[in-house]
Amino acid sequence: MEQISSGAEAIIYKKDKVAVKIRNSKSYRNKDIDTLLRKSRTKREAKVLERLHSLDISPKLHKACNKEMKIEMDHIEGDKLRDVLHKNHKKWAKEIGKKISLMHKHDIIHGDLTTSNMIVKNDLKLIDFGLSFFSAKHEDKAVDLHLLKRALESKHHEIFEEVFDMVIEEYKKEIKDHKEVLDRLKKVEVRGRNKH
């Protein structure tokens, strides 16, 4: 197996056309708590991937093992949107809006919406659901959008406003209660500003 990425949560390997994600133990955490956390996150991520694949948003789940804290899924070929957004930002902004609204419609929160966690080839797929969870709360959906906005601002400063506006336009088409989510987003942004 070839290692293709490593993050705070896990290491990802590639084996043929399969991506294998393994959650490693954290020596700084209590052993029992660490095991419990890794198990529950692996289980939750697998459930999210199962639900999302039918919506054509994420990699297809092959299998998950809570004992080994391991998830096997399709390896998505393509470029990270982070590296190619500037080439066709209007097209991809609409795609981002569509995928997020579909996800939120099914009460799934990504938890780490950045252009590094989006892969594009012919279409756009979201990856890395390690922090994802199920929630119908407007607050959680607003925080998801807030994280995306901040990520766009930091990595794509020149085009971030236009991109985010287009994302929201697509979002509004699909989400019935978008007004409540976007009102909450304003409050989340005020909270964020007050922290600095």
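Given the structure is predicted, the values throughout are model-derived calculations rather than measurements. Within each chain, residues carry numbers counting from 1 in the order of the written sequence. The model is predicted, so local features are restricted to residues of pLDDT at least 70 and side-chain atom pairs to those at 80 or more, both for listing and for counting; the totals for chains, interfaces and linings are taken over all residues. The basis for every side-chain value is the complete set of heavy atoms in the structure, and neither hydrogens nor water enter the calculation.

Peer 1: An account of the overall build of the chain is needed here, citing residue identities and associated values.
Peer 2: Secondary structure follows DSSP: runs of H or I at least 4 residues long count as helices, runs of E at least 2 residues long count as strands, and numbering of each begins at the N terminus. Helix and strand content of the chain: six helices and ten strands. In this treatment the radius of gyration is a C-alpha quantity, and the globule benchmark scales as 2.2 Å times the residue count to the 0.38 power. Relative to the globule expectation of 16 Å for 196 residues, the C-alpha radius of gyration of the chain, 17 Å, shows essentially globular dimensions. Seen along its three principal axes, the alpha-carbon backbone of the chain occupies a region of about 45 × 35 × 30 Å. Contacts in the chain between residues at least 24 apart in sequence constitute 62% of all its contacts with a sequence separation of at least 6. The Shrake-Rupley method, run with a 1.4 Å probe sphere, supplies the accessible areas, and residue values consider only the shown protein chains as cover. For the chain, the exposed surface amounts to about 11200 Å²; the carbon and sulfur share of it is 48%. In what follows, a contact means two residues having at least one pair of non-hydrogen atoms within 4.5 Å.

Peer 1: Which residues make up the pattern of salt bridges, and what values do they have?
Peer 2: Salt bridge, as used here: a side-chain nitrogen of Lys or Arg that lies within 4 Å of a carboxyl oxygen of Asp or Glu. Enumeration over the complete set of coordinates arrives at 22 salt bridges. In this structure, Glu 139 engages Arg 191 in a salt bridge whose closest nitrogen and oxygen atoms are separated by 2.6 Å. Taken together, the residues Glu 139 in helix α4 (residues 138-155) and Arg 191 in helix α6 (residues 178-195) connect sequence positions 52 residues apart. Here the term buried applies to any residue with accessible area under 20% of the maximum for its type, exposed to any over 50%, and partly exposed to those in between, with areas from a 1.4 Å probe on protein chains only. What makes Glu 139 partly exposed here is its relative accessible area of 22%. For Arg 191, a relative accessible area of 42% gives the class partly exposed. Taken together, the salt bridges that share partners define one network made up of Lys 21, Arg 23, Glu 45 and Asp 128.

Peer 1: Can you lay out the sheet that holds strand β9 (residues 124-126) for me, pointing to particular residues and giving the numbers?
Peer 2: Pairing between strands is defined by DSSP: at least two bridges between them are needed. Taken in spatial order, the three strands make up an open sheet running β6-β8-β9, and their pairing is antiparallel. Edge strands, defined here as strands with exactly one partner in the open sheet, are β6 (79-80) and β9. Relative to strand β8 (residues 118-120), β6 is paired through two bridges, and the arrangement is antiparallel. Looking at β8, one finds that Asp 79 is bridged to Val 120. Only the stretch in contact is used when fitting a helix axis, every axis being a line fitted to C-alpha atoms; angles between N-to-C directions are given from 0 to 180 degrees. Each of β8 and β9 is contacted by helix α3 (residues 89-105), which is oriented at about 40° to β9, the strand it contacts most.

Peer 1: If you had to explain the sheet that holds strand β2 (residues 11-15) to someone new, which residues and values would you point to?
Peer 2: With respect to topology, five strands assemble into an open sheet ordered β1-β2-β3-β5-β4, the strand pairing being antiparallel. One side of each edge strand has no neighbouring strand; the edge strands of this open sheet are β1 (2-6) and β4 (61-65). When the angles between neighbouring strand axes are averaged without regard to direction, this sheet yields 20°. Taken together, the four bridges between β1 and β2 define a ladder with antiparallel strand orientation. Bridged to Ser 5 within β2 is Ile 12. Taken strand by strand, helix α1 (residues 31-53) contacts β3 (18-22), β4 and β5 (70-74), and its axis lies near 20° from that of β5.

Peer 1: Can you break down the layout of surface pockets residue by residue, with the values?
Peer 2: Here the term cavity refers to a set of points on a 1 Å grid, laid over the protein atoms alone, in which a 1.4 Å probe fits but cannot get out; the term pocket refers to an open set having protein on both sides within 12 Å along at least five of seven lines, with lining residues being those that place an atom within 4 Å of a point. Grid points are joined across faces, edges and corners, and a volume is the space filled by probe spheres set on the points. By volume, the largest pocket amounts to about 690 Å³. For the lining of the largest pocket, the element with the highest residue contribution is β1, accounting for three residues. Taken together, the residues of the lining of the largest pocket break down into 13 nonpolar, eight polar and eight charged. Asp, Glu, Lys and Arg are counted as charged, while Ala, Val, Leu, Ile, Met, Phe, Trp, Tyr, Cys and Pro are counted as nonpolar; the rest, among them Gly, fall into the polar class.

Treat this as a map of the structure, not an account of what it does.
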